[in-house]
Each structure stands twice: as structure tokens, then as C-alpha cells.
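Breakdown of the fold
Here's the letter readout for the chains.
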Amino acid sequence: MKPTDTSNPDYFHKVVDCQWGCPAHTDVPAYIRMIAQGQFSDAYMENRKSNVFPGILGRVCDRPCEPACRRGRVEDKPVAICRLKRVAADHRDDITGRLPKAPEKSNGKKVALIGAGCASLTVANDLAPLGYEVTIFEALNTTGGLMRTNIPQFRLPPKVLDEEIGYILDMNVDLKLNHPIESLKSLLDEKYDAVFVGTGAPRGKNLEIPGRYDSDRIHIGIDWLESVAFEHVKSIGKKVLIIGVGNTAMDCCRTSLRLGAEDVKVMARKPRGYFKASAWELEDAEEENVEILINHSPKEFVIENGKLTGMKFELMEYNIDEKGDIDRGTVVGEKIIPCDDVVLAIGQDNAFPWIERDIGIEFDRWDCPVVNEKTMMCGREGVFFGGDSAFGPKNIIWAVEHGHQAAISIHRYCQGEDIEDRLPYGMNLASQKMGMHEWSFSNNYDAAPRRLMPHVDLKERFKKINIEVELGFTAEQAVQEVERCLNCDIQTVFTADLCIECDACMDICPVNCLTITHNGDEDDLRTRLRAPAENRDQALYVSAELPQTGRVMVKDEDLCVHCSLCAERCPTGAWDMQKSTLLVPYAKDEISDETAQPLAGASA
């Protein structure tokens, strides 16, 4: 194999699996170490660089970082990354003085953002400090989009939303509430330099089966949650069926309990392994005694004398092959389950009746706009999309990343630059050595299990719909959890010319991830290591030829726990522990000397 090119930031970055798994590439280990040192405000600001909403996402993020966490290769449970994000938000000091601010002078460019959800707010966050005149048009009488209308207050308190959204609006952003856009063509005629569409996927999918329109007790999930959020709906029947098993379904079933339901069942068409809801969402629902029934396919609503009395389901059996693929299933029976109300939570669709089809925007067969995934621009120049409105329902952190990329494109577009020509990722490496065997981070492996999140007692949480169920970690409770982080961003950096092949690093490595051997092709080399390297998704590190024998040092990154023992034991300093920092470009980094504006608070 050729020597590994460690000058390419992708190599070391992909070792930091949590950061690689996060769509916005938040530097997870860095902010976790800040929390360990009690630097909560610094940890909050480190989060805010990339994810913009640390307090919000610390409660409701879909956590793509956690399945990627390398702690899961050592034991079953990853580090509680999401909950630690909330620790930084809950325990920080006043950080308003550290936030970016809009310059006193506009750069003369006007940008319209449609929808006041997370994608649009991220665009505003990135463009307002550069001098852009940003206007947000929102159809509702409040901000937040689906974060406010579809995530219940017992998961995400309005105070948290208002505070973090306020940080962005305070940058001279012009917010127009109760201002739906009914014609994109008309908005384009208003001579904005660019338009961003961040309206989400606001239409819940329907279930067209017999009886659907014969009762007013059958509700569309996201519409129903919005009605609850704005207090248009304050009660529900005693027996409730939730159709669907995604995260929206979990919010619907738990909300039903707080509105007076006593028997809530979630009806799943497939087995549990094929649920779309996050594992923790399922756990929270079942903790509240929600029953989840699998292999029930809706057939019809049972209406008696004009009243909804139940639903008829087909009972299904499925064959699952060796790859985990499931067939369409076989009907093996039928069952009627009584109910007073049914909430349909089977998915969401985009809805763009206000976008004319003759203005140069192409739509696909699902009525989604055709959007460039790199630049976020559609077929009509100067019109950009992001979040669920661009690619269908995903999650908040994806919408934030779309907003960052759209802001870069909008800036380059408004300055007459090629929006495809973007800055690449960069990387810094900095040694963490402070003494002979002393490092700037805690390098001992802590075998502690994942800490459980404390919750409000079951007897108390249903008294009001806005009682936040998760209490958050105290600073003391966070201490043990942060020590579970393996510091995967502290890289083992090897200098082949210094190696004397004494084997000391191999002798002391507790996980046998190091091997000195003769080179070969990858398939061969992976079988000749001290521990076979079976995870082909994780690249091997292969050094240049060693000066003594011409052999190579091979490291299986899949096994390494970043304990630093190799660097402590090495007598020549061939191994060093160095922090790799991914340099993620944002709109502010694209500013040329000709378009530069004085940026107040730019250091934040």
C-alpha cells in the first residue's frame, strides 16, 4: 500500500466519527473537553459555530453522531453527545457579547428568506453579519417553523426557542410575521438579489381507506400537533390510535396522554427493526405506557351511526432475507381495535402551490424542487432551497447544514462569483504534549457506563402539557459522562524517520492496533496485522518505509482508543498526540478583500 496521505484533512477527520457523522461537522470532542474543564460558555460557542442552536439541538437533535461514536466499538452505548450539548447550553454564562453582530453599514444586497424555521434562520445567521439586508417572511404569527409547531413543549420549551432564535433576529434581521408568500413570481419581481425557500414539508400524508372522511375524529399528525401548540386543541378521546411509527408518531402519542387519553396505541405496519423512530423516542414513549403493536396494516375506519368506533387492521407476516431486506408481507388475519380518535403520522410531503410552474424551477415526480445538493440552488438562478423543502423530511441538523451551504452560495451569487467554486475543508494539527508523560487532555480510559438522563416523575409530567420531561444533567453528573469520550480528534501522528523499530509501542498498546510488518496489498495486509482489520469502512494508516528494515508501521484506526500510551512509551518521539481541527468554511470565510465589510463580533 502507498503511504497514507495525512496532509489530506479527510483522513484524520474520518477518524473522528462523531464529527463525520454530524451533517454540520460539529467538533464534538473539543466541546466535550471544554465541558470537562467547566468551560460551559466556550463549549456553547464551539457548538454554535456549526449547529447554530445548541440549546434546541441539545434537546431534540436526531443524533446522527451517536451511532457513529467510536465508544460503541468498545461497549454497547455511545457517549451521550446530545445531552452534553444541552449541558453547555444550560450552564453557560451570558454569551450575548460573544455573538456575531451586523455591521453598521449594509453591503447593499437584499435577500428574502421564506419561512422562519431552522434552515432560513441559519442562512440569516450567516449572512446578516456580512452586511446583507435579510428579510424573513413567515406565514404564522411566530418563529421556529416545525420546531415550534411539531415538537411538543414537554420536549422543547418555548423559552429555549425564543432565546436562540432571538440571537439571530437581533442582527438587524427584518421579520415579517403573518406574511405568507402566495406567489414566488411576485416576490421575485420585488428585486431581491437572492431568495431562499425554507418552508419545510408542511403537508402530512393522508390515508385513503374506507371511512376516512366519515368522521371528524381522524387527524393528520403534523396539523394536529400544530393545533395543540397554538392551543386550538386541548383534549382528545380516552382511546387513541396513532398510525405510523416515526418520530412524529412518538410526539403524537405522548401528546395524547397529556390531553387526557388513557389508552394510547401506536400501530406499526412492519416489525420493530424497521421503525423510523429513534430508539430513544421509542423508549420515552414506552416509559409512558404507550403500547406499540407491530405488523398491523390499516384497512378501514370503523364508523357506526356516524361515529368513529375503531379501526380494522390486516395482520401481517413478513419474510426477511439474509441481508435484512423485508418483503411486502402476507396477510394472515384481521383485527378491529376500538378507539375514539385516530392520528395519522405516516409521513410528510412538500407543498408548493405558491410556486408557479413557469418560472424556471423544475419539480420531480414527488413534487419536490430539483436542487443542486452542493450549492442548494434550483434551476432558476438566484433561488435556493434548504431543509425539508429541498429534499423532503430529514431533521433539524440537516436543515442547519443546508442553511450554511446555501449562505455560501447566496454570498458568492450576490457578489457575482462562481457558486460551485467553494473553499475546501482545511485542517490544523497541534501537539498536545505538555511534559514527558503529560498531555493537555484526560487520556485514561474510563469504563463507566452511559449515564441515564433524569426525568420528571411519571405522576407529575402529565399535569401540564408544557412540563419538560428531561431534566438535563447537572454539572456534577456531566463529569462522569465526559470522561467516556475517547478523544478521537487527538490523533496518533507518526514520523517514520524517527522510528527505531524497538516495538515498544506495540508492546504497550492495549488493543493491538499497531503492527510493524512488510508492506503488501490491502487485502493481504489486513490479514497480517496483530489483530485482523475487518472493518473496511475504516482506512488503515500505513507509514512510509522505516529506515532500519524497510518495513512499514500499520495502524488499524478502527481499534485505537487514543490512550496515548504509544506516544508515552516511544523513546524517540516517533509517535505524538496531536489535536486535528477540521476547518469548515462558512460564508464569512468566502469574503474577498473587495467585498469585505467591518464585522462586529467576527471573532465569535
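Rules behind the numbers
Residues numbered from 1 in each chain as written. Predicted model: local features only at pLDDT ≥ 70, side-chain atom pairs only at ≥ 80, totals over all residues. Heavy atoms only, no water. Phe/Tyr/Trp six-rings, centres within 6.5 Å; stacked < 30°, edge-to-face > 60°. Helix = DSSP H or I, 4+ residues; strand = E, 2+ residues; numbered from the N terminus. Buried < 20%, exposed > 50% of the residue type's maximum accessible area, 1.4 Å probe, protein only. Core = buried A, V, L, I, M, F, W, Y, C linked by side-chain atoms within 4.5 Å. Domains from an automatic or database assignment. Contact = heavy atoms within 4.5 Å. Polar contact = N/O pair within 3.5 Å; in protein donor to acceptor, adjacent residues only side chain to side chain. Pairing = 2+ DSSP bridges. Axes fitted to C-alpha atoms, helices over the stretch in contact; angles between N-to-C directions. pLDDT = per-residue confidence, 0-100. Buried area = accessible area lost by both parts, 1.4 Å probe. Salt bridge = Lys/Arg side-chain N within 4 Å of Asp/Glu carboxyl O.

To continue, consider the packing of aromatic side chains. Following the criterion strictly, the structure yields 9 aromatic pairs and no others. Between Tyr11 and Tyr541, the aromatic rings sit 6.5 Å apart at their centres with planes inclined by 50 degrees, giving tilted as the arrangement. Separated by 530 residues along the polypeptide, Tyr11 in helix α1 (residues 9-15) and Tyr541 in strand β21 (residues 540-542) bring together distant segments of the chain. For Tyr541, a relative accessible area of 10% corresponds to the buried category. Here the aromatic rings of Phe137 and Tyr192 are separated by 6.2 Å at their centres, their planes lie at 90 degrees, and the arrangement is edge-to-face. Of the two residues, Phe137 sits in strand β2 (residues 133-137) while Tyr192 sits in the loop between α11 (184-188) and β4 (194-197), which places them 55 residues apart along the sequence.

It is worth spelling out the nonpolar core at this point. With 70 residues, the main nonpolar core has Leu127, Leu184 and Phe385 as its most contacted residues. Ranked by the residues each element gives to this core, the list is headed by helix α16 (residues 396-414), at 9 residues. A domain split of this core shows at least three residues from each of domain 1 (13-97 + 449-482) and domain 2 (99-202 + 350-414). Ignoring any residue separated from it by four or fewer positions in sequence, one finds Leu127 in contact with Val111, Tyr132, Val134, Ala407, Ile410, His411 and Ala587. Listed in part, the 28 residues of the second largest apolar core include Met34, Ala43, Ala88 and Ala89.

Looking now at the environment of Arg528. Mapped onto the elements, Arg528 comes out in the loop between α20 (522-527) and β21. A relative accessible area of 30% places Arg528 in the partly exposed class. Sequence spacing of Arg528 and Thr581 is 53 residues, and the spatial spacing of their C-alpha atoms is 32 Å. In contact with Arg528, not counting residues within four places along its chain, are Thr515, Thr517, His518, Asn519 and Gly520. Here the side chain of Arg528 touches His518 through a polar contact of 2.9 Å, landing on its backbone oxygen. A polar contact of 2.9 Å, which involves the side chain of Arg528, links it to the side chain of Asp524.

Pairing is antiparallel across the open sheet formed by 3 strands, whose spatial order is β10-β11-β12. Of all strands in the sheet, those with a lone pairing partner are β10 (296-304) and β12 (330-338), marking the two edges. When the angles between neighbouring strand axes are averaged without regard to direction, this sheet yields 25 degrees. By the bridge criterion, 8 bridges tie β10 to strand β11 (residues 307-317) in an arrangement that is antiparallel. For Pro298, the partnering residue across the bridge sits in β11 and is Phe313.

Turning our attention to unusual backbone geometry. Positive phi outside glycine occurs at Asp503, with the angle close to 70 degrees. As for its placement among the helices and strands, Asp503 is situated in the loop between β19 (490-494) and α19 (504-508). On the basis of relative accessibility, which here comes to 28%, the residue Asp503 falls in the partly exposed class. The backbone of His562 sits at a positive phi, close to 55 degrees, despite the residue not being glycine. Structurally, the position occupied by His562 is in the loop between β22 (552-556) and α21 (565-569). Accessibility expressed as a relative area gives 1% for His562, which makes it buried.

Let's shift gears to the side chain of Thr142. In this fold, Thr142 is placed in the loop between β2 and α9 (146-149). Only 3.2 Å separates the side chain of Thr142 from the side chain of Arg148, close enough to count as a polar contact. Setting aside residues no more than four positions away along its own chain, Thr142 makes contact with Arg148, Leu177 and Phe230.

Further remarks concern the confidence of the model for the protein chain. Note that predicted coordinates carrying low pLDDT should not be read in detail. When pLDDT is averaged along the protein chain, the result is 93, and 98% of the positions lie at 70 or above. Taken together, the stretch residues 598-604 has pLDDT below 50 and engages in 12 contacts with residues farther than four places along the chain or on a different chain.

Attention now moves to helix α14 (residues 279-287). Along α14, the residues that are buried comprise Trp280, Glu281, Leu282, Asp284 and Ala285. Those residues of α14 that are buried lie in contact with α13 (247-258) and β9 (291-293). Of the residues trailing α14, Asn289 is marked for its positive phi of about 70 degrees.

What the domain assignment lists for the protein chain is domain 1 (13-97 + 449-482), domain 2 (99-202 + 350-414), domain 3 (204-346) and domain 4 (490-583). In this structure, domain 1 and domain 3 have C-alpha centres spaced 30 Å apart. Facing 10 residues of domain 1, the contacting portion of domain 3 comprises 12 residues. Summed over both partners, the interface of domain 1 with domain 3 buries about 1000 Å², with 52% contributed by carbon and sulfur atoms. If you look at where domain 1 meets domain 3, you find 2 salt bridges. Here Arg461 and Glu288 are joined by a salt bridge, their closest N and O atoms 2.9 Å apart. Here domain 1 is connected to domain 3 by 3 residue pairs in polar contact (both at pLDDT 80 or more).

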